[in-house]
Amino acid sequence: MLQTLISRRVLLPEGIRPATLLLRDGHIAEIRIAEIWADGRLPSPTEAPDDGQADPIDLGDALLVPALTDTHVHINEPGRTEWEGFATATQAAAAGGVTLVMDMPLNSSPVTTTVAALEAKRAAAAGKLWVDCGFWGGVVPGNAGELRAMASQGVAGFKCFTCHSGIDDFPAVSADNLRVAMPILRAAGVPLLVHAELESALLNPYADASPRDYLRYLHSRPAQWEVDAIRMIVDLVRETGCRAHIVHLSAADALPVLRAAKAEGLPITAETCPHYLGLTAADVPEGGTAWKCAPPIRERENADRLWAGLLAGTIDFVVTDHSPCVPSLKLPAEGDFLGAWGGIASLQLGLRSVWTAAAARGVPLERVIGWMSTATAGFLGRADRGVIRVGAVADLAAFRPEPAHRLEAGSLLHRHPISPWVGRTLRGEVAGTWLRGERVWDGERICGEARGRIAGGR
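A few points on the structure. Not measured: the values here are computed from a predicted model.

Enumeration over the complete set of coordinates arrives at 0 disulfides. Distance from the sulfur of cysteine 163, which forms no disulfide, to the nearest cysteine sulfur (cysteine 160) is 9.7 Å. For cysteine 163, a relative accessible area of 2% puts it in the buried group. Take cysteine 293: it sits in no disulfide, and the sulfur closest to it among the cysteines is that of cysteine 273, at 7.9 Å.

One pass over the structure, following the stated rule, counts 8 aromatic pairs. With 5.7 Å between their ring centres and 75 degrees between their planes, phenylalanine 161 and phenylalanine 170 make a pair best called edge-to-face. This pair shows no difference in class: phenylalanine 161 is buried, exactly as phenylalanine 170 is. An aromatic cluster is built from Trp136, Phe317 and Phe379, whose rings are joined through pairwise contacts.

Below, the discussion takes up the pattern of salt bridges. Under the criterion given, the structure shown has 25 salt bridges. Its salt-bridge partner being aspartate 176, residue arginine 179 comes within 3.0 Å of it at the nearest N-O pair. On the criterion of helical spacing, the pair formed by arginine 179 and aspartate 176 is a turn pair, its members being 3 residues apart in helix 4 (residues 175–188). Looking at arginine 179, the relative accessible area reads 38%, which means it is partly exposed. Put simply, arginine 445 and glutamate 444 hold a salt bridge, and the shortest N to O gap is 3.3 Å. For arginine 445, a relative accessible area of 47% gives the class partly exposed.

Within helix 1 (residues 86–95), 8 of the 10 residues are buried, which leaves it mostly tucked inside the rest of the structure. Taken residue by residue, helix 1 has Phe86, Thr88, Ala89, Thr90, Ala92, Ala93, Ala94 and Ala95 as its buried positions. Where helix 1 ends, the next residue or the one after it, glycine 97, has phi of about 80 degrees, a positive value.

Moving on to unusual backbone geometry. Cis peptide bonds are those with omega within 30 degrees of zero, and the linkage from glutamate 77 to proline 78 qualifies with 5 degrees. For proline 78, the location among the structural elements is in the loop between strand 6 (68–73) and helix 1. Residues serine 109 and proline 110 are joined by a peptide bond in cis, for which omega reads 10 degrees. Within the secondary structure, proline 110 is located in the loop between strand 7 (98–103) and helix 2 (115–125). Positive phi, normally seen in glycine, also occurs at aspartate 25, with a value near 55 degrees. Looking at the element boundaries, aspartate 25 is found in the loop between strand 2 (15–24) and strand 3 (27–33).

Taken N-terminus to C-terminus, the directions of helix 10 (residues 350–360) and helix 11 (residues 365–379) make an angle of 140 degrees; their axes are 10 Å apart at the nearest point. One element, helix 10, and the other, helix 11, form an angle in the oblique class. As for how helix 10 packs across helix 11, the hand of that crossing is right-handed. Of the residues in helix 11, those in contact with Gly350, Leu351, Val354, Trp355 and Ala358 of helix 10 are Leu365, Val368, Ile369 and Met372. Residue classes in the contact of helix 10 with helix 11 are distributed as 8 nonpolar, 1 polar and no charged.

This paragraph deals with the layout of surface pockets. Of the volumes computed, that of the largest pocket is approximately 490 Å³. Along the walls of the largest pocket sit 28 residues, with Ser165, Gly166, Arg221, Ala294 and Gly342 positioned nearest its centre. When grouped by side-chain class, the residues that make up the lining of the largest pocket number 10 nonpolar, 13 polar and 5 charged. Of the volumes computed, that of the second largest pocket is approximately 360 Å³. Together, 18 residues line the second largest pocket, and Gln348, Arg352, Ser411, Trp441 and Gly443 are the ones closest to its centre. Every element with two or more residues in the lining of the second largest pocket is listed here: strand 15 (396–406) and strand 16 (425–435).

What counts and how
Residues numbered from 1 in each chain as written. Predicted model: local features only at pLDDT ≥ 70, side-chain atom pairs only at ≥ 80, totals over all residues. Heavy atoms only, no water. Disulfide = S-S within 2.5 Å. Buried < 20%, exposed > 50% of the residue type's maximum accessible area, 1.4 Å probe, protein only. Phe/Tyr/Trp six-rings, centres within 6.5 Å; stacked < 30°, edge-to-face > 60°. Salt bridge = Lys/Arg side-chain N within 4 Å of Asp/Glu carboxyl O. Helix = DSSP H or I, 4+ residues; strand = E, 2+ residues; numbered from the N terminus. Axes fitted to C-alpha atoms, helices over the stretch in contact; angles between N-to-C directions. Parallel < 35°, antiparallel > 145°, perpendicular 65-115°, else oblique. Left-handed = near helix turned anticlockwise from the far one by under 90°. Contact = heavy atoms within 4.5 Å. Nonpolar A, V, L, I, M, F, W, Y, C, P; charged D, E, K, R; others polar. 1 Å grid on protein atoms, 1.4 Å probe; cavity = no way out; pocket = protein on both sides within 12 Å on 5 of 7 lines; lining within 4 Å. Points joined across faces, edges and corners; volume = space filled by probe spheres on them.

Here is the structure:
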């Protein structure tokens, strides 16, 4: 059946235009640039072209954009479904205008480091997806023999940690481990994703402060750890030819290293996250462990430099790194930053939080969509997503950029309504999300049944 969407503002490759989109069989079948009537109106649904379609949807002034792809999400199922889960995570994604999430290989149990674990992950996801979901595998010491088979079964790439991951069943890798793994990944045509912190004994000027003092935690994971790890990865990319991607970059001090590597022509990319762009160390309250993540949220000056790196293209895109846990692991009563679980839950809030920070800096919304939709889909090799054009998948979001509301915990759809964004004013609202032309979020509630699919590899 033909579906029709009408909006005064549609984000097309050539810019924002009034347009009518005709959707058929899950794809964009036709785009008709609308004529504005003399009184300033768009064609009403009854005046729209009648092609035997379902009732047209008139979005008015809502900006129709390509839906987001979030390539960094921890869903934690199977094994730690009490932390999150496929149903709750994908519903939160739909409410945030996201139609494809890529699940990280931890913190599920088992971690996705073997073919058997990948099969368990797929089985756990069956029938629980409100948006599409793909999987990253993991590189850990000793699993090199699993990598080729996992890649052949649709894993899009493989993540590793150069420091302790937070759970013992996903241990850190050394440079020698990566010298074994990276040629395998290069031959399979998939990237290595790197949590880049290389631990070293550096002086912490706040070592004697209370564990409730955020500065003690911040300075326990200095920017130099990220710089050193990224330098190691650049050397290994140069040595092996394997494509590498730096996840959740927080340290702006590493930007010159990445810029030089890109200028050299090395296949290396990087992402950052909403919390590094829109929150700062000065915002973190005493004992506010909902703000804890690794690498940590750093100073305002650091955020300014990350924005500059993003605008210059040294940082390629923005993803949430949604990493929730059960509330007790955040140690809310103790407020202990050193002992609390590190991870920020924000899957539903990615677009709104980045737009809030971007608008304050005069950065247009089109750039934000480029970083969170077009570039992330491109990273996965999905030219059929992240753009509104004829033939593309009809994964769309209607976004109203103007409203600003204080975020209430009760509006969050992920399993536990804990996030540092709660209580803050965010701009914009997602008025609708469409997965292959079917509406899955209407601005207030989830629509229909679980229609999401397991996405394959590149």
